[in-house]
Amino acid sequence: MKIRYRQAFWGAAVTLTVGLVAAQDLRIVHFKGVINDYSPSTVSGGPWEMRGAWSLDVQRTGTANFTADLAMETSDYGISNSTAVDPANPATRSPHTHHISMTNATVSYDTSGCPVYSPPTTGPGIVVTGTATTTGNGGPATFESKGPSTLQVCITGGTQVDYSNMSMVYTGPATGHFGPQAIHGVISQVSTK
């Protein structure tokens, strides 16, 4: 796997060393992957299964654009609570979708505030933070009316795959639905434009 990412990492490394490269040589670094996680049982209607795709573009300007498209429904744990989910009726799992986006979000390379993995991630990392817009089934998510939510996206990796892990953490009203914990994903592609 190391070889597969080596060329993309080199392009990312060139892009991320902003102070060492002339502005006209900088490239957009594109990350994409999937999310596969659960919310805590303490959120309304939870725990929820969260599945979907995400992408992140780190711009030449030092900002980033992030999107995630999630399908959510009550997890199998909900079946153990007979009042929450009827295993014979999939509609009782409350399936719904979310589209999450951040535009011109702040980029940092200090991953000390990112969620910790076991075993821990090492090496380079990217942190993107900004105000997130979140839809619910194509319209504004119900919590959007309570004010803005901030999203932190961390891109980290290890000794064999430089960029392998993605996590996102909400703060603000969105935590009532997604929870305040890290939502985890995997990186499937790194490229430069």
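See the structure above.
Just so we're clear, the structure is a prediction, and the values are computed from it rather than from any experiment. (Residues numbered from 1 in each chain as written. Predicted model: local features only at pLDDT ≥ 70, side-chain atom pairs only at ≥ 80, totals over all residues. Heavy atoms only, no water.)

Pairing is possible between side chains of opposite charge, provided their charged atoms come close. As enumerated under the stated definition, the model contains one salt bridge in all. A salt bridge links Arg-51 to Glu-49; the shortest N-O distance between them is 3.3 Å. Judged by its relative accessible area of 15%, Glu-49 is buried. (Salt bridge = Lys/Arg side-chain N within 4 Å of Asp/Glu carboxyl O. Buried < 20%, exposed > 50% of the residue type's maximum accessible area, 1.4 Å probe, protein only.)

Let us now look at the packing of aromatic side chains. Enumeration according to the criterion identifies four aromatic pairs in this entry. Pairing Phe-143 with Phe-178 gives two aromatic rings, centres 6.0 Å apart and planes at 75°, and the pair type is edge-to-face. In this pair, Phe-143 sits in the loop between β6 (139-140) and β7 (149-157) while Phe-178 sits in helix α2 (residues 175-178), placing the two residues 35 residues apart along the sequence. On the accessibility criterion, Phe-178 (0% relative accessible area) is buried. Measuring from ring centre to ring centre gives 4.8 Å for Tyr-170 and Phe-178, while their planes differ by 20°; the resulting arrangement is stacked. You'll find Tyr-170 and Phe-178 in the same group, each marked buried. (Phe/Tyr/Trp six-rings, centres within 6.5 Å; stacked < 30°, edge-to-face > 60°. Helix = DSSP H or I, 4+ residues; strand = E, 2+ residues; numbered from the N terminus.)

Turning our attention to the nonpolar core. Phe-31, Trp-54, Phe-66, Ile-100, Ile-155, Met-168 and Phe-178 are the most contacted members of the largest nonpolar core, which totals 35 residues. Beyond its immediate chain neighbours, meaning those up to four positions away, Trp-54 contacts Phe-31, Lys-32, Gly-33, Val-34, Ile-35, Phe-66, Thr-67, Ala-68, Ile-155, Met-166, Val-186 and Ile-187. (Core = buried A, V, L, I, M, F, W, Y, C linked by side-chain atoms within 4.5 Å. Contact = heavy atoms within 4.5 Å.)

Another aspect to go through is the environment of Thr-61. With respect to the secondary-structure elements, Thr-61 resides in the loop between β2 (48-58) and β3 (63-74). The exposure class of Thr-61 is exposed, given its relative accessible area of 65%. Here the alpha-carbon distance between Thr-61 and Ile-28, two residues 33 residues apart in the chain, equals 9.1 Å. Separated by 2.8 Å, the side chains of Thr-61 and Thr-63 make a polar contact. (Polar contact = N/O pair within 3.5 Å; in protein donor to acceptor, adjacent residues only side chain to side chain.)

Residues Ser-118 and Pro-119 are joined by a peptide bond in cis, for which omega reads 0°. Within the fold, Pro-119 resides in the loop between β4 (96-108) and β5 (122-136). One non-glycine residue, Asn-137, adopts positive backbone phi at about 50°. Here Asn-137 lies in the loop between β5 and β6.

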